[in-house]
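Each chain, letter by letter, is given below.
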Amino acid sequence: MTRASLTWIFIIAVMTAIGSEIKIMPFANTTFRFGLGTIVFFLCTLIKPTPIILAGIATSIVTTIFRVFNSALHDVPISESIFNHLPAGLFYVLFALCLQILNIQQYREKPLKLGLLVAFSEVISNLAEQIFRFFVQTYNFLFLHDLLILLAVALLRSFFVVGIYSSILIAEQKKRVQEMLNIGSDLYVETLYLKKSMNHIETITGSGYELYRQLKALGFRAESLQALHIAQEIHEVKKDSQRIYAGISKIVGEKSFGPFVLSELLHYIEEGNRKYAELLGKEIQFNTCIDFDFQTKDHIALLALLNNLSANAVEAIKEQGIISIAIERQEDNTVITVCDNGQGISQADISVIFEPGYTTKFNVDGVAATGIGLSHVAELVEKLKGSITVESNNQYTTFKIIIPTQTIQTGET
């Protein structure tokens, strides 16, 4: 047992003890209560893997001590207080035991079954507590309507916790999906670049082999063998590239989480680039607009090109600015525009910005960036059978992409 686990168990015990003091006491002549303690205990064991039995024992001890101490402040004799609150300690031990036996961790992603099993565990534990009180205290046993109250409260509390946990789980899943999509979009761009390089390698290999044949025909044996060796080495590079390309393509294809609707992609673009702007210490207002929505299986390609254009817009703004991203329908086309009020692009450069190597970015050491971002965007747009244009003046720079809707649409939502 690590120190971190013991600390977490102690935190659960203390928080449960405190939560149990926010309570109602539905039955007369007893210290039995409905509090937030069960909710806190169950939620904590769901959020983080916990040795449940040990947590139940610790919670039982801490809760009993907490209540005895609280009663002592109201001049209740300690022996009487222990006698009154010991059954509550028994409840948490039995509740933890039920959760352990039912192995609730395996039902984390099955909320209905999880809620019913935990409600069942709570009812069993509450009944055991009541039986204990019946034998050790002057207390009438529960009637049918009391049992119904126990069941109703158990269902309410268990599904309340399941609802909270499901909300947390969904939020985490969305975050992971967004991260994987961003990784996938980067990999997708790299596959295009790698495929283009492979074509160049194939051409160079052919040229090298042709050089070998010519040198051999001219009687230059040593030189021809050297040319052949170079062609063979280049061919090995090509095979390595093919293996890498196949691996990346498989990852992009299998981990794409598709299809997605355009509005989801737009949300991911906005969130990701807002964080990027904050990282750069810039105050940027993002305005997004979409006048029609549909599912697409080309979400990786769309995410890649939109991320690139949006990130460029963030970098073009010095300290404060506005970035507007819009998706609209124009006849049979989907039109995407990305507009910013950054430093702009000179008219002389507009004609070459999509050429590989063009860049206006330099790092702190004055080294220029690779300048392949916008060339990749152009390739992506071409792959989607679309077109891209850019307009820039002293106030705004606008990239406009027109793609045939049927190329990227898989169904209306």
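Every chain's residues receive numbers from 1 upward, in the order its sequence appears when written. Only residues with pLDDT of at least 70 get local features here, since the model is predicted, and only at 80 or more are side-chain atom pairs given and counted; chain-wide, interface and lining totals rely on the full set of residues. Based on all heavy atoms of the structure, the side-chain values leave hydrogens and waters out of the count.

Per an unreviewed UniProt entry, the protein chain carries the name histidine kinase and comes from Lysinibacillus boronitolerans JCM 21713 = 10a = NBRC 103108. UniProt positions are given in the numbering used here, feature names are shortened, and annotations may be inferred rather than shown by experiment. Its UniProt record gives the protein chain a comment under Catalytic activity (unreviewed entry), which states: "ATP + protein L-histidine = ADP + protein N-phospho-L-histidine."

Caption draft 1: Focus on the overall build of the protein chain. Along its length, the protein chain carries twelve helices and ten strands. Two residues form a contact once any of their heavy atoms are found within 4.5 Å. Taking as baseline every contact in the protein chain between residues at least 6 positions apart, the subset at least 24 positions apart corresponds to 72%. Throughout, the Shrake-Rupley method with a 1.4 Å probe supplies accessible areas, and for residues the shown protein chains are the sole cover considered. Working note: accessible area of the protein chain is about 22,800 Å², and carbon and sulfur atoms make up 60% of it. Numbering of helices and strands runs from the N terminus, with a helix taken as a DSSP run of H or I at least four residues long and a strand as a DSSP run of E at least two residues long.

Caption draft 2: Expanded view of the packing of helix 1 (residues 3–19) against helix 2 (residues 37–47). The geometry of helix 1 relative to helix 2 is characterised by a closest axis approach of 7 Å and an angle of 155 degrees between their N-to-C directions. Between helix 1 and helix 2, the interaxial angle falls into the category roughly antiparallel. For the element pair helix 1 and helix 2, the recorded crossing hand is right-handed. Between helix 1 and helix 2, the residues in contact are Trp8, Ile12, Met15, Thr16 and Gly19 and Gly37, Val40, Phe41, Cys44 and Thr45, respectively. Polarity classes work like this: nonpolar for Ala, Val, Leu, Ile, Met, Phe, Trp, Tyr, Cys and Pro, charged for Asp, Glu, Lys and Arg, and polar for all others, with Gly in that last group. Its residues placed into classes, the contact of helix 1 with helix 2 shows six nonpolar, four polar and no charged. For every element, the axis is a line fit to its C-alpha atoms; helices are fit only across the contacting stretch, and the angle between N-to-C directions ranges from 0 to 180 degrees. Orientation is classified from the angle alone, with under 35 degrees giving roughly parallel, over 145 giving roughly antiparallel, 65 to 115 giving roughly perpendicular, and any other angle giving oblique. Helix crossings are classified by the rotation of the near helix relative to the far one: an anticlockwise turn of less than a right angle makes the crossing left-handed, while a clockwise turn makes it right-handed.

Caption draft 3: Here's a closer look at the environment of glycine 321. Within the fold, glycine 321 resides in strand 6 (residues 320–330). The cut-offs for exposure are 20% and 50% of the maximum accessible area for each residue type, with area from a 1.4 Å probe on protein chains only; residues under the lower value are buried, those over the upper are exposed, and the others partly exposed. For glycine 321, a relative accessible area of 10% gives the class buried. Between the C-alpha atom of glycine 321 and that of phenylalanine 286, which follows or precedes it by 35 residues, the distance is 8.8 Å. Apart from the residues lying within four places of it in its own chain, the contact partners of glycine 321 are Glu283, Ile284, Gln285 and Asn341.

Caption draft 4: Representation of the UniProt feature "transmembrane region" (unreviewed entry) in the protein chain in the model. The UniProt entry lists residues 82–102 and 147–171 under the feature "transmembrane region" (unreviewed entry), expressed in the numbering used here. Helix makes up 100% of residues 147–171 and strand 0%, with an end-to-end C-alpha separation of 36 Å.

Caption draft 5: How the structure looks around the pairing of strand 9 (residues 397–404). Burial along strand 9 is one-sided: the face carrying Thr397, Phe399, Ile401 and Ile403 is buried and the face carrying Thr398, Lys400, Ile402 and Pro404 is not. Here eight bridges tie strand 7 (residues 333–340) to strand 9, and the two strands are oriented antiparallel to one another. When the sheet's bridge partners are listed, aspartate 340 is paired in strand 9 with threonine 397. With six bridges joining them, strand 8 (residues 387–392) and strand 9 adopt antiparallel strand pairing. Residue pairing for strand 9: serine 392 is matched across the bridge by threonine 397. Here strand 8 hands over to strand 9 after four residues, the two strands then running antiparallel side by side. Two strands are said to pair when DSSP picks up at least two bridges between them.

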